[in-house]
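Close look at the chain arrangement
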Amino acid sequence: MNKTIKSALLSVFHKEGLDVLVKALHENQVIIYATGGTFDFIKAMNIPVIPVEDITGYPSILDGRVKTLHPAVFGGILSIRDDASHQAQMAEYKLPLLDLVVVDLYPFEKTVASGADEASIIEKIDIGGISLIRAAAKNFNDVVIIPSVNQYGVLNTILTDQKGTTTLEQRKYLANKAFGVSSHYDTAINNWFSGNSDNKGIQLPAEWNTQVLRYGENPHQPASFHGNLDEVFTQLNGKELSYNNLLDVDAALGLVADFTEPTIAVIKHNNACGIASDASLLKAWDKALAGDPVSAFGGVIASNRPVTADVAEAMNSLFFEILAAPGYDDAALEILKSKKNRMILQTCDFRHPEKTYRSILNGILVQSADHSTETAEMMKTVTEKTPTKAEIQDLVFANKVVKHSKSNAIVLTKNGQLCASGVGQTSRVDALKQAIAKAQHFGFDLKGAVMASDAFFPFPDCVTIAAEAGITSVVQPGGSIRDQDSIDACNQLGISMVITGIRHFKH
């Protein structure tokens, strides 16, 4: 429903650009109420303005700490226009309706950044302004809220092009902006009181805990974790987890969560250096370790099944930092706790968040998390040769692993075991050559192995190199204008290829 602005309350700290709005309000015959310095500014323009004290019947008190906090002001903002009882009360107490509220809050963040003393910072915590913003935004059905100078342009358009008439969509849009301003402002105050003033713009849920870490990625970088780790795991042994430990645990749990069969993964620097699935968890461990026993030293291990004593005994011969699993039998725990600094985590029924966040430049990137896991039914054969049942199983396995590998990534697997991977390469060919060389170094026979790529092949060279190494089947997302070149190469070389249609870049 459209509403026309007939009255307005202005209470702003910065006056830049205010003159344009005041003139437009006056031209639209809007009754203007204002507080303190805003009133003086408008009066100096020789434009009619009414001091807010005429509404409240009280002067500004306590050095300006209390100016608008009064039922007469908030009644005019919060009253529902088509509610008869509300309007009867407004008439009874002779309170004016306020159709527009314009606020520019005290510059709390700038005051903190200036190095001001505590008393000065405290005085820049706006109380009345933030209350006006929230009240007007709540009643967006009837009231227009301009919560900062950033929305002056919107109001000017409303006053000049629409003659002061607003749509419900516009009022709701501005209400959304208002609660964003309010949330950001309160977050800045909370961060200052918490000693985290550097966390500009980060709004942390109130139920989250803050854990100061020993340091960040490197010893010279202070770091902290914000969240509730007890919802993810219970630590049963070892020292406090570090920043890098948490990154690797996150990568490890995300990887094994994609597997329904018993699976163990070994993570180093967020990438799998070994992973295997087997009906026997002990065999899964042996196969995972064989993937790269050198890199496994000092790694992070994750299992999607409880760890028994025989598995723990086999693991105990390796130096590793962390083991995460959904459970342990008593004998297994006794073995694993033989190293006092070894971190043993018992995982909870936990699902990774639906969104991922990453700070870049002067802001934050937000995206939906990559929870897509392609099944055999989602893989379309595009070659003359069809993958065997065993190859399909390995293709599904390989595609899960490559999804969790840093791009550009190539993964080689065989019989539910990672033979090798090439990760984080600027060239897909280099990633493949790295994987082949590594697999051969650790004695893997790649004849009958399969290959997964996190993105399409722009040229057929990877197919040719893979076939020469013994690869017999390939899974990739497809999507290149030259897909057919790789398909033709597979046909000429007698290997199969399936396409999923889902890319898994990971940067």
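In this report, the structure presented in the accompanying data block is examined.

Cut-offs and rules
- Residues numbered from 1 in each chain as written.
- Predicted model: local features only at pLDDT ≥ 70, side-chain atom pairs only at ≥ 80, totals over all residues.
- Heavy atoms only, no water.
- Pairing = 2+ DSSP bridges.
- Helix = DSSP H or I, 4+ residues; strand = E, 2+ residues; numbered from the N terminus.
- Axes fitted to C-alpha atoms, helices over the stretch in contact; angles between N-to-C directions.
- Contact = heavy atoms within 4.5 Å.
- Buried < 20%, exposed > 50% of the residue type's maximum accessible area, 1.4 Å probe, protein only.
- Lys, Arg positive; Asp, Glu negative; His and termini not counted.
- Salt bridge = Lys/Arg side-chain N within 4 Å of Asp/Glu carboxyl O.
- Disulfide = S-S within 2.5 Å.
- Core = buried A, V, L, I, M, F, W, Y, C linked by side-chain atoms within 4.5 Å.
- Right-handed = clockwise from strand over helix to strand, strands pointing away.

1. A few points about the sheet that holds strand 15 (residues 343-347)
Spatial ordering of the open sheet is given by 10-15-14-13-11-12, a layout of six strands whose pairing is mixed. In this open sheet, the two edge strands, each paired with only one partner strand, are strand 10 (233-237) and strand 12 (271-277). Strand after strand, the sheet turns through a mean of 20 degrees between neighbouring axes, direction not considered. Across the face of the sheet, helix 11 (residues 243-256) comes into contact with strand 11 (263-268), strand 12, strand 13 (300-303), strand 14 (322-325) and strand 15 while running at roughly 150 degrees to strand 11.

2. Some points on the side chain of Asp-394
Relative to the helices and strands, Asp-394 resides in helix 15 (residues 389-403). With no salt bridge to any partner, buried Asp-394 finds its closest opposite charge in Lys-287, at an N-O distance of 7.8 Å. Not counting the four nearest positions on each side in its chain, Asp-394 is found in contact with Thr-413, Lys-414, Asn-415, Gly-416 and Val-450.

3. Section: the state of the cysteines
This structure, assessed with the given rule, holds zero disulfides. The thiol of Cys-419 is not disulfide-bonded; the next cysteine sulfur, from Cys-273, is found 14 Å away. For Cys-419, a relative accessible area of 1% translates into the label buried.

4. A few points about the nonpolar core
Formed by 54 residues in total, the largest nonpolar core has its most connected members in Leu-10, Val-73 and Leu-100. Broken down by element, the residue count for this core peaks at seven residues, all from helix 10 (residues 168-193). Setting aside residues no more than four positions away along its own chain, Leu-10 makes contact with Leu-18, Val-22, Leu-25, Ile-32, Tyr-33, Ala-34, Thr-35, Thr-38, Ile-42 and Val-102.

5. Some remarks on the pairing of strand 13
The two faces of strand 13 match: Val-300 and Ala-302 on one face and Ile-301 and Ser-303 on the other face are all buried. As judged from the four bridges shared by strand 11 and strand 13, these two strands associate in the antiparallel manner. By the bridge assignment, Ile-264 is partnered in strand 13 with Ser-303. In the sheet, strand 13 pairs with strand 14 via three bridges, with the strands oriented parallel. Directly across from Ala-302, in strand 14, lies its bridge partner Ala-324. On the question of chirality, the crossover connecting strand 13 to the parallel strand 14 by way of helix 13 (residues 309-315) is right-handed.

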